[in-house]
Amino acid sequence: MDKQQFQDYLEKNSQAVNLFNHKALEFQESKNKNRPPARRWNEARLEREAEKMLNTFVTNIYEKMKSHINPNSSETVKEWISFIDENDILDELEESIIEMQFV
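Thresholds, definitions, all that
- Residues numbered from 1 in each chain as written.
- Predicted model: local features only at pLDDT ≥ 70, side-chain atom pairs only at ≥ 80, totals over all residues.
- Heavy atoms only, no water.
- Phe/Tyr/Trp six-rings, centres within 6.5 Å; stacked < 30°, edge-to-face > 60°.
- Helix = DSSP H or I, 4+ residues; strand = E, 2+ residues; numbered from the N terminus.
- Buried < 20%, exposed > 50% of the residue type's maximum accessible area, 1.4 Å probe, protein only.
- Contact = heavy atoms within 4.5 Å.
- Axes fitted to C-alpha atoms, helices over the stretch in contact; angles between N-to-C directions.
- Parallel < 35°, antiparallel > 145°, perpendicular 65-115°, else oblique.
- Left-handed = near helix turned anticlockwise from the far one by under 90°.
- Core = buried A, V, L, I, M, F, W, Y, C linked by side-chain atoms within 4.5 Å.

Brief notes about the packing of aromatic side chains
Argument step 1. Following the criterion strictly, the structure yields 6 aromatic pairs and no others.
Argument step 2. Where Phe 20 meets Phe 57, the ring centres are 4.2 Å apart and the plane angle is 10 degrees; that geometry is what we call stacked. With a gap of 37 residues between them, Phe 20 in helix α2 (residues 16-33) and Phe 57 in helix α3 (residues 43-66) connect regions that are remote in the sequence.
Argument step 3. Judged by its relative accessible area of 3%, Phe 20 falls in the buried class.
Argument step 4. Residue classification places Phe 57 among the buried residues on the basis of a relative accessible area of 16%.
Argument step 5. Residues Phe 27 and Phe 102 carry aromatic rings whose centres are separated by 5.3 Å and whose planes lie at 45 degrees to one another, so their mutual orientation is tilted. One end of the pair, Phe 27, is in helix α2; the other, Phe 102, is in the segment after α5 (89-99), with 75 residues separating them in the sequence.

Concerning the side chain of Asn 32
Argument step 1. Structurally, Asn 32 can be placed in helix α2.
Argument step 2. Given the relative accessible area of 8%, Asn 32 is considered buried.
Argument step 3. The contact partners of Asn 32, leaving out residues within four places of it in the chain, are Arg 40, Trp 41 and Leu 46.

Observations concerning the packing of helix α1 (residues 3-13) against helix α4 (residues 76-86)
Argument step 1. Contact pair α1 / α4: the axes reach a minimum separation of 12 Å and the direction vectors enclose 45 degrees. Accordingly, the angle class assigned to the pair α1 and α4 is oblique. Of the two elements, α1 crosses α4, and the hand of that crossing is right-handed. Where α1 abuts α4, its residues Gln 5, Phe 6 and Tyr 9 lie against Val 77, Trp 80, Ile 81, Ile 84 and Asp 85.

Focus on the nonpolar core
Argument step 1. By size, the foremost hydrophobic cluster in this structure holds 25 residues, and its most contacted members are Phe 6, Phe 20, Phe 57, Met 65, Trp 80, Ile 84 and Leu 93.
Argument step 2. Leaving out residues up to four positions away in the same chain, Ile 84 has contacts with Phe 6, Tyr 9, Met 65, Ile 89 and Leu 90.

Just geometry here; none of it tells us what the structure is for.
Following this line, the structure appears as structure tokens:
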């Protein structure tokens, strides 16, 4: 499973991506309010910055999980899904995001 497949799996099977994206956008909007009016970002820029945060988040999770999956397996997608299910990754991820606070 590559990173994009992993992100697609997260989007289809949990609320983790939506939760993170919502929190990241709120964080970016909060930072934006503290900028001088002339230097405030528009909505498109805020969304891009939140998307960058999401990409970094998914990449970090993917890289940590990748070390637990046999890369030589002929059925890596099944191994990924099995690992995710056996370790309750989706539930843990959602709970972690709910508790997460950006500084």
